[in-house]
Amino acid sequence: MINIMKYRSEILLAIYMTIFSLIKPILIKNPDKSTLILAILTLMLLGSWLLLEWIYTKKITISLRYLSFILIIYFWLFCEAIFRNNSVIDEIIYKFSIYGAIPILICSKINDYKKLLWLYAIFSIINGLIYFFDPINSYEISGDYMNFGFSQMLPAFTGGIIFLFIFKKKYGVIFAIVFFIQMFLYANKGATICAVCLMAISYIFFNDNKKIVLRRAFIIIILLCIVIFNIDGVCEWLIETIKSLNIETYSLITFLNMLQNNGDKVYHVRTDIWESAIQLFNQKTIIGNGIGYFEANFNGYTHNFFLDIAVSSGLIGIIIMMFILVISIKRMIKIHNIYKKFFLMIMFVIAFIPMMFSLTYWTVMPFWIYLAIIFCSKKEEVLGNERRNEDINRKL
């Protein structure tokens, strides 16, 4: 049995990362009350976490690093609301509170990333099993193929990958294959692409032996070269395979159009959105138009992370974000706790790849979790073996 009090933060964060998907049917049936429902649920989980902290430690302490991270984002948002206000800025502040601020607070108390990975895998797989047959019912409880992909099948697939590559459980491959097939058949292309990337990265890097990492990286590069040099044959084989399935789903039809060089039928909506975003960026190239400006004027989002930054914050925002991403990756590489590093790698992949095609970063919880842990970890947690080796050399 898991020690609930000892792993209270790990349990609550794993629940928090999956609970919004589990209550999706309630939100669909009550769209006019969805904001209130999410707020109540969030406060209940936050209250439970604070209560458990008080019961176990007799006090409630918040890491100054994590609290400062949250306050900096809020300060940025409130400045935008004051100087570049629009009709959606309040909603964005609300979204950050739910998908960013509260999970970041819980992250501040995480001590056992191995346990967190295990719990996240279990909850994600359970969530995937609940929604597994939803496409047969026309996505009645998930809402649509995109939610089915990003919110249900991709996390469930990730759970299988965690069991297979991190905990070396052979049954993980069963979950990974089953959820990937369901994702490929019935979900969006972005989720499938993300799953393929996560699979490749997990195969290469989820190992502490550098020789194995290099060997697996070489294998993946060779496979990619084979596919690239035989791309026509691969496409023909995929086309015939899809046609032989005799299944007509949105995912398969659009994938088939891509393989048959009919990509315009698939991407024309997004390319139109991207063109509009580029036009807005050109209007205010340096400082951008403000957070939420695109959503307020086009009743939707840019479907691309960097275009979102470009429209809202201009070249200054792009430069700052590129600097943040480069530094974050360098810090992640230096983290000596392998389970913490694996968790951050997973958060990075399942956040950034979907944000390049579909999602807005204000609602992507793994994005905020990744950044907060990376930049709020103490120096000794990041430097790890380097710091210890320096101390040894000094003693010698």
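Here, the structure is the one placed above.
Residues numbered from 1 in each chain as written. Predicted model: local features only at pLDDT ≥ 70, side-chain atom pairs only at ≥ 80, totals over all residues. Heavy atoms only, no water.

Points about the packing of helix α15 (residues 305-334) against helix α16 (residues 338-357)
Heads up, the condition is: Helix axes are fitted to C-alpha atoms over the stretch in contact, other axes to C-alpha atoms as well, and angles between N-to-C directions run from 0 to 180 degrees. Helix and strand labels come from DSSP, where a helix needs a run of H or I of at least four residues and a strand needs a run of E of at least two; each type is numbered from the N terminus. Angle categories are assigned with fixed cut-offs, so that under 35 degrees is roughly parallel, over 145 is roughly antiparallel, 65 to 115 is roughly perpendicular, and the rest are oblique. Each crossing gets its handedness from the near helix: less than a right angle anticlockwise from the far helix is left-handed, clockwise is right-handed. Any two residues whose heavy atoms approach within 4.5 Å are treated as being in contact. Each residue gets one label: Ala, Val, Leu, Ile, Met, Phe, Trp, Tyr, Cys and Pro are nonpolar, Asp, Glu, Lys and Arg are charged, and the others, such as Gly, are polar.
Running from N to C, α15 and α16 point in directions that differ by 160°, and their axes come no closer than 13 Å. Put simply, α15 runs roughly antiparallel to α16. The handedness of the crossing between α15 and α16 comes out as left-handed. Contacts from F305, F306, L325, I329, M332 and I333 in α15 reach K341, L344, M345, F348, F352, M355 and M356 in α16. Across the contact of α15 with α16, the residue classes break down as 12 nonpolar, no polar and 1 charged.

Description of the side chain of T192
Stated formally: Each residue's exposure class comes from its accessible area (1.4 Å probe, protein chains only) as a fraction of the maximum for that residue type: buried when under 20%, exposed when over 50%, partly exposed otherwise.
Within the element layout of this structure, T192 appears in helix α9 (residues 189-205). The class of T192 is buried, set by a relative accessible area of 10%. In contact with T192, other than residues within four places in its own chain, are F180, M183 and F184.

Quick notes on the pattern of salt bridges
The criterion, for reference: When a carboxyl oxygen of Asp or Glu lies within 4 Å of a side-chain nitrogen of Lys or Arg, that pair is called a salt bridge.
Within the structure shown, the criterion is met by 3 salt bridges. The partner of R8 in a salt bridge is E53, and the shortest N-O contact between them spans 2.7 Å. Note that R8 is positioned in helix α1 (residues 8-22) and E53 in helix α3 (residues 34-57), a separation of 45 residues in sequence. Assigned by exposure class, R8 and E53 land together as buried. Its salt-bridge partner being E91, residue K95 comes within 3.1 Å of it at the nearest N-O pair. Here the residue K95 and the residue E91 both occupy positions in helix α5 (residues 89-107), the gap between them amounting to 4 residues, near one helical turn. On the basis of relative accessibility, which here comes to 22%, the residue K95 falls in the partly exposed class.

Remarks on unusual backbone geometry
Phi angles above zero are rare outside glycine, and S138 is one such case at about 60°. Of note, S138 is situated in the loop between α6 (113-131) and α7 (145-166). With a relative accessible area of 59%, S138 lands in the exposed category. Although it is not a glycine, K168 sits at a positive phi angle of roughly 55°.

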